[in-house]
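Chain by chain, the residues run as shown.
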Amino acid sequence: MRSVLLSLALLAFSGSAVADDDFDDLDFGVEEDDLDFGGGSDDDPVEEDLFGLDDDPIEDFDVVDDGFDAYEDPDDDPLVGLTDQLGFEAMEQAEPVDAGGKTATVKLDVVGKQPLGDNYPAQVVAVERDAVVVELPVLLGRSRAGFEGGPYWVQVDVLAGEIVVATSTQWVARQSLAEFGPSFAFFKVLVPVKSSAGELTLKVQKLDQLGSAGAPLFTRTVAYSLK
């Protein structure tokens, strides 16, 4: 029995020796230079981990927990807190802009009044230390359909005595008029004055073009007082 075991051991040793001696002579048809694993060079050899499998890809991402977890209460919406941190208010919380009450409407009577006529008085609407603000409305048309003639200018000259101290103009054309309702020009100018009380004259004229001689339409006067 001992001789049999000894024979088997010698046989295994000799077979292993033959395999080790002849391994370098084996040809598998693949050259060492043909092996390319897609990384490294002579100057930058491929590391042992060819595919970066040793690195945990999860660690390459920085996951920041700023409280954006699932929430049940809508009031705990993290976006609300974020907008507060950035100095913005959520749109749902924005307060409506106070426009100072209801939108004003034009309350000028047009019954029996002709366009470009002497229909409305001039008014002093503001007072400064040495000036007043005067406003004069002028009816331009009842509707776009009633507009006649080509484009023109309406000019208002404000005189203190015989001196023109302020001028205001407005261009008028078919497309500048409201389609279904009346249209007005509101001439509003600041007029310097030399006395604490007095009277101003407003001369209204129609011009074909700026700088040309105008056709007088009407004249209005308005009293003022700085007190």
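In case you missed it, the structure is sitting above this.
Per chain, residue numbering runs from 1 following the sequence as it is written. With pLDDT at 70 or above as the cut-off, local features in this predicted model cover only qualifying residues; side-chain atom pairs require 80 or more to be listed or tallied, and sums for whole chains, interfaces and linings still use all residues. As a convention, hydrogens and water are excluded, and side-chain values are obtained from all of the structure's heavy atoms.

(A) Region of interest: the nonpolar core. Among the nonpolar cores identified, the biggest contains 26 residues, and Val134, Leu140, Val154, Val158, Val191, Leu200 and Leu202 are the most heavily contacted of them. The contact rule is simple, with two residues in contact once any of their heavy atoms fall within 4.5 Å. Residue contacts for Leu200: discarding those within four places in its chain leaves Val132, Val134, Val158, Leu159, Ala160, Val191, Val193, Arg220, Thr221, Val222 and Tyr224. Residues belong to one nonpolar core when they are buried, are Ala, Val, Leu, Ile, Met, Phe, Trp, Tyr or Cys, and are joined through side-chain atoms within 4.5 Å. Accessible area is worked out with a 1.4 Å probe on protein chains only. A residue is then buried under 20% of its type maximum, exposed over 50%, and partly exposed in between.

(B) Main features of the sheet that holds strand E1 (residues 123-127). The three strands are arranged E1-E2-E5 in an open sheet whose pairing can be described as antiparallel. Looking at which strands have only one partner, the edges of the open sheet turn out to be E1 and strand E5 (183-192). With strand direction ignored, the average angle separating the axes of adjacent strands in the sheet is 30°. Two strands pair under a simple rule: DSSP has to find at least two bridges between them. Comment: elements are numbered from the N terminus, with helices defined as DSSP H or I runs of at least four residues and strands as E runs of at least two. Sheet topology places strand E2 (residues 131-141) next to E5; 10 bridges connect them, and they run antiparallel. When the sheet's bridge partners are listed, Val133 is paired in E5 with Leu190. Inter-axis angles, ranging from 0 to 180 degrees, are taken between N-to-C directions of lines fitted to C-alpha atoms, where helices are fitted over the stretch in contact.

(C) Up close: the pattern of salt bridges. Think of a salt bridge as a Lys or Arg side-chain nitrogen and an Asp or Glu carboxyl oxygen that are within 4 Å of each other. In this structure the tally under the stated criterion is one salt bridge. The residue Asp118 makes a salt bridge to Arg220 at a minimum N-O spacing of 2.6 Å. In this pair, Asp118 is assigned in the loop between helix H2 (78-85) and E1 and Arg220 in strand E7 (residues 215-225), connecting sequence segments 102 residues apart. Arg220 sits in the partly exposed class, given a relative accessible area of 22%.

(D) Quick peek at the packing of aromatic side chains. Working definition: rings of Phe, Tyr and Trp (its six-membered ring) pair if their centres are within 6.5 Å, and the pair is stacked with planes under 30 degrees apart, edge-to-face with planes over 60 apart, and tilted otherwise. This structure, assessed with the given rule, holds three aromatic pairs. On the basis of an interplanar angle of 65° and a centroid distance of 6.1 Å, the ring pair of Tyr120 and Phe184 is categorised as edge-to-face. Of the two residues, Tyr120 sits in the loop between H2 and E1 while Phe184 sits in strand E5, which places them 64 residues apart along the sequence. Summarising the burial analysis for this pair, Tyr120 and Phe184 share the class buried. Their ring planes at 45° and their centres at 6.0 Å tell us that Phe184 and Phe186 sit as a pair that is tilted. Residue classification places Phe186 among the partly exposed residues on the basis of a relative accessible area of 40%. Aromatic ring contacts, followed pair by pair, group Tyr120, Phe184 and Phe186 into a single cluster. In this analysis the charged atom, NZ for Lys or CZ for Arg, is taken to sit over a ring once it is within 6 Å of the ring centre and within 35 degrees of the ring normal. The cationic tip of Lys206 hangs over the ring face of Tyr152; the distance from NZ or CZ to the ring centre is 4.4 Å.

(E) Spatial organisation of the pairing of strand E3 (residues 152-160). Most of E3 is tucked away, with seven of its nine residues classed as buried. Pairing of E3 with strand E4 (residues 163-172), which is carried by nine bridges, proceeds in the antiparallel orientation. Within E4, the position partnered with Ala160 by the bridge is Ile163. Between the antiparallel neighbours E3 and E4 lie two residues, among them Gly161 with a positive phi of about 75°. Both E3 and strand E6 (residues 197-207) contribute to a ladder of seven bridges, which runs antiparallel.

(F) Layout of the sheet that holds E4. If you walk across this open sheet you meet the four strands as E4-E3-E6-E7, and the pairing is antiparallel. In the strand order of this sheet, the two ends are held by E4 and E7, each with one partner. Between one strand axis and the next, the sheet turns by 20° as a mean value, whatever way the strands run.

(G) Broad picture of the side chain of Ser168. Here Ser168 is to be found in strand E4. If sequence neighbours within four positions are ignored, Ser168 has contacts with Val154, Gln155, Val156, Phe187 and Val189.

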